[in-house]
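Examining the three-dimensional arrangement
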Amino acid sequence: MKIGIAGSLESNDVLVTVRECEKLVIDIHSIVDLLFHDQIEKVVRDTLQELGIENVEVRLQDKGALDYTIRARLITAIQRMEAQP
Amino acid sequence: MNNSLGREIFANSRPFVSANAFLKEKRRLIPEKPTSATVRFYDDLETAFRDLAIKDGMTLSFHHHLRSGDNVLNMVASLIAKYAIKDLHLAPSSIFPEYKLSDLILNHQIRNITTNYLNGPVAKTIAGGQLQGTLLMHTHGGRARAIESGDLAIDVAFLACPAVDRQGNGSGAFGINACGTLGYAESDLKYAKKVVLVTDTLVDELSMWQFDHKYVDMVVKVPSIGDAGGIVSGTTRITRDPIGLKIAQDTAELVRELGVIKNGFSMQTGAGGTSLAVADAIGKIMQTQNITGAFASGGITGYFVEMLGKGLFQKLYDVQCFDLAAVESFRTNPAHIAISASKYGNPFETSPVVDDLDLVILGAAEVDLSFNVNVTTDSFGNIIGGSGGHADTAHGAKLAIITSTLAKARIPLIKSEVRTITTPGSDIDAIVTERGIAINPNRGDLLERLKGTSLKIMRIEELMDLQHRLGGIPKELPKTNAAVGYVEYRDGTIIDTIYRTG
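The paragraphs below set out a description of the structure included in this document. (Residues numbered from 1 in each chain as written. Chains lettered and ligands numbered in written order. Predicted model: local features only at pLDDT ≥ 70, side-chain atom pairs only at ≥ 80, totals over all residues. Heavy atoms only, no water.)

With respect to the helices and strands, Arg145 of chain B occurs in helix H5 (residues 140–149). According to the relative accessible area criterion, Arg145 of chain B is buried, its value standing at 3%. (Helix = DSSP H or I, 4+ residues; strand = E, 2+ residues; numbered from the N terminus. Buried < 20%, exposed > 50% of the residue type's maximum accessible area, 1.4 Å probe, protein only.)

Once that is clear, we can look at the packing of aromatic side chains. Within the structure shown, the criterion is met by 11 aromatic pairs over all chains. Relative to Tyr317 of chain B, the ring of Phe295 of chain B has its centre 5.1 Å away and its plane inclined at 70°; by these criteria the two rings are edge-to-face. Separated by 22 residues along the polypeptide, Phe295 of chain B in strand S13 (residues 293–300) and Tyr317 of chain B in strand S14 (residues 313–321) bring together distant segments of the chain. In this structure, Phe295 of chain B and Tyr317 of chain B share a single accessibility class: buried. Geometrically, the ring pair formed by Phe304 of chain B and Phe313 of chain B is tilted, given 6.4 Å between the ring centres and 40° between the ring planes. Each member of the pair Phe304 of chain B and Phe313 of chain B is classed as buried. Following the ring pairs from residue to residue traces out a cluster consisting of Phe49, Phe62, Tyr83 and Phe158 of chain B. Note that Arg410 of chain B overlies the ring of Phe36 of chain A, its terminal NZ or CZ placed 4.6 Å from the centroid. Positioned above the aromatic ring of Phe22 of chain B, the side-chain terminus of Arg490 of chain B is 5.9 Å from the ring centre. (Phe/Tyr/Trp six-rings, centres within 6.5 Å; stacked < 30°, edge-to-face > 60°. Lys NZ or Arg CZ within 6 Å of the ring centre and 35° of its normal.)

Moving on, we come to empty space enclosed by the protein. All names here are of chain B. Taken as a whole and judged by the stated rule, the model has two cavities of 30 Å³ or more. Its boundaries defined by the atoms lining it, the largest cavity holds a volume of some 60 Å³. Every residue along the wall of the largest cavity is listed here: Arg14, Glu25, Lys26, Arg27, Arg28, Arg145, Glu148, Ser149, Phe348 and Asp491. Across the lining of the largest cavity, the residue classes break down as one nonpolar, one polar and eight charged. The calculated volume of the second largest cavity comes to roughly 40 Å³. Taken together, Thr377, Gly381, Arg419, Thr420, Lys479, Thr497, Ile498 and Tyr499 form the lining of the second largest cavity. Looking at the lining of the second largest cavity residue by residue, the class counts come to two nonpolar, four polar and two charged. (1 Å grid on protein atoms, 1.4 Å probe; cavity = no way out; pocket = protein on both sides within 12 Å on 5 of 7 lines; lining within 4 Å. Points joined across faces, edges and corners; volume = space filled by probe spheres on them. Nonpolar A, V, L, I, M, F, W, Y, C, P; charged D, E, K, R; others polar.)

Take unusual backbone geometry next. Residues and elements named next belong to chain B. The backbone phi angle of Ala84 is positive, close to 50°, even though this residue is not glycine. Within the fold, Ala84 resides in the loop between helix H2 (72–82) and strand S3 (88–92). With relative accessibility at 48%, the residue Ala84 sits in the partly exposed group. Unlike most non-glycine residues, Arg410 shows phi in positive territory, near 75°. When you line up the elements, Arg410 lands in the loop between strand S20 (407–408) and strand S21 (411–412).

Attention now moves to the interface of chain A and chain B. Contact residues are listed per partner, giving 15 residues for chain A and 12 residues for chain B. The junction of chain A with chain B conceals about 1200 Å² of combined surface from both sides, 63% of it contributed by carbon and sulfur atoms. Here chain A and chain B share one salt bridge between them. In this structure, the salt-bridge partner of Asp67 of chain A is Arg410 of chain B, at a minimum N-O distance of 2.6 Å. The interface formed by chain A and chain B holds four residue pairs in polar contact (both at pLDDT 80 or more) in total. Mapped by element, the contributors of at least two residues to the side of chain A that touches chain B are helix H1 (33–51) and helix H2 (67–83) of chain A. When its residues are assigned to classes, the side of chain A that touches chain B shows nine nonpolar, four polar and two charged. (Contact = heavy atoms within 4.5 Å. Buried area = accessible area lost by both parts, 1.4 Å probe. Salt bridge = Lys/Arg side-chain N within 4 Å of Asp/Glu carboxyl O. Polar contact = N/O pair within 3.5 Å; in protein donor to acceptor, adjacent residues only side chain to side chain.)

All names here are of chain B. Here strand S19 (residues 399–403) lies mainly inside the structure; five of its five residues are buried. Neither face of S19 is exposed, since Leu399, Ile401 and Thr403 on one face and Ala400 and Ile402 on the opposite face are all buried. With four bridges connecting them, strand S16 (residues 359–362) and S19 associate as parallel partners. Paired with Ile361 across the two strands is Ile401, which belongs to S19. (Pairing = 2+ DSSP bridges.)

Let us look at the nonpolar core. Residue and element names in this part refer to chain B. Ile54, Ile113, Phe158, Leu254, Ile282 and Phe304 are the most contacted members of the largest nonpolar core, which totals 126 residues. A per-element tally of this core places helix H8 (residues 273–288) first, with eight residues. If you count residues domain by domain, this core takes at least three from each of domain 1 (36–231) and domain 2 (242–483). With residues near it in sequence (within four places) discarded, Phe158 still touches Phe49, Leu52, Ile54, Leu60, Ser61, Phe62, His63, Val72, Val76 and Val196. Core analysis: the second largest hydrophobic core is formed by 33 residues, Val375, Ala400, Leu406 and Leu466 among them. (Core = buried A, V, L, I, M, F, W, Y, C linked by side-chain atoms within 4.5 Å. Domains from an automatic or database assignment.)

No statement about biological role is implied by the geometric values presented.
Now the structure itself:
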């Protein structure tokens, strides 16, 4: 199974892990989940839509990253997944 | 009942009115404890504990000068457990994560807690609603006021003391676990009904001491009072984070433009990395312009010891040493002067040191649009600290500046309403963030002086909106309606309520 990872567990960053999957799974673990869950999920969905990806497993370990960080880490993780042979 | 800041507080308490309300009040003083005829020496704590005949419901106090390295509170806690004493009121000056009190709280052996600062497991237990009675949080100066007035009446003070002489005088400057000044404990020493010095170092004679034997009832020799290495907690080095350094540079520039840095000025900063970077940046300005300050106070770190060594300040006034370099300086340099918590920040002292401060640099977990500051709880309602000297110095200093990033892990600094008010906004003059500086509108004099500055001065509402654009608006987490404790302002009035989490 192809897998792609980007980011870190530093404060203000997010570690994104993506795996090939037959359906869409978004799994969010965030230290600010109570405050920003919906917004984090929206960024993930919007980014996947822009990339034209419907089915993938996305796991976020978020340490309070801003939207553009989440977006950049997700795009990179997917590129790394797709670059795998 | 609501206080003047619109905060609901419990019935029968004195509501906060204003930071200056104490000026209309008279100082209340109970008599100092009768001086004891003889000091009794013990070589184990348990025998001393039995002889003290500690009963259910008594008030026991401690100081936190050994910070994370303290073992005296834990030794006494074990004896409380062993002798099954119940419903105690514990009044340590602070509670650190290493202090093992949670089981005693869960067993109802500790019913009430009064302290100035707490975090870690005990804070979690209390915020979770497990303390049967009430948590009351003081400022450092307010605790001294509470003790001298009899509001906080102490039955037994267990005071960790790094060195004690044959007469029973005590010092923090000597011994294997020297921790420096013992400023927080001076009120306990003078006003507790019984005073027990707990030490691991007995000497024939001390060249100087802070605890006079005339107040001491017992001296107990134990194998070790803790680990002085543990007094260094958190960062005591200048930050290398570029955002922290930018905030520090802008703060120093702000202070310079306001004309604060001149011969004879005085300042205090916290021990965090950004605070020390501010001290460093101000120190460089002082060196360039050949300026000598009168004093720095605190919470003294090795960094301020270096500034004293370079002649940038004439004196250090020190309530507690934050690291071993400060301990060494206190022992050897007569210009490094110990002060009590009362002399530091008690509003009713004739001339507390905080009133002589020109500048204080402080932190914040949250600030509201009226500049009220929260350093007691986080945005989730967890107890993360407390005032310590925050409200004391903010009131006393002519210029009180908050330095902080505009958000921490996406959580905004500036909110329309803070979770808990620790320090009233009337005492906060400026907030410096990496994106801009907000000046309290009630300081028109500062705004006037900053006209034409290259510093980015913004309204606090603009700073809040900016962060909302960058990081989004967090969902409001409603407070529970169960009070677990109260924040007492330095004058003894109640400024806010702490609610149970979740």
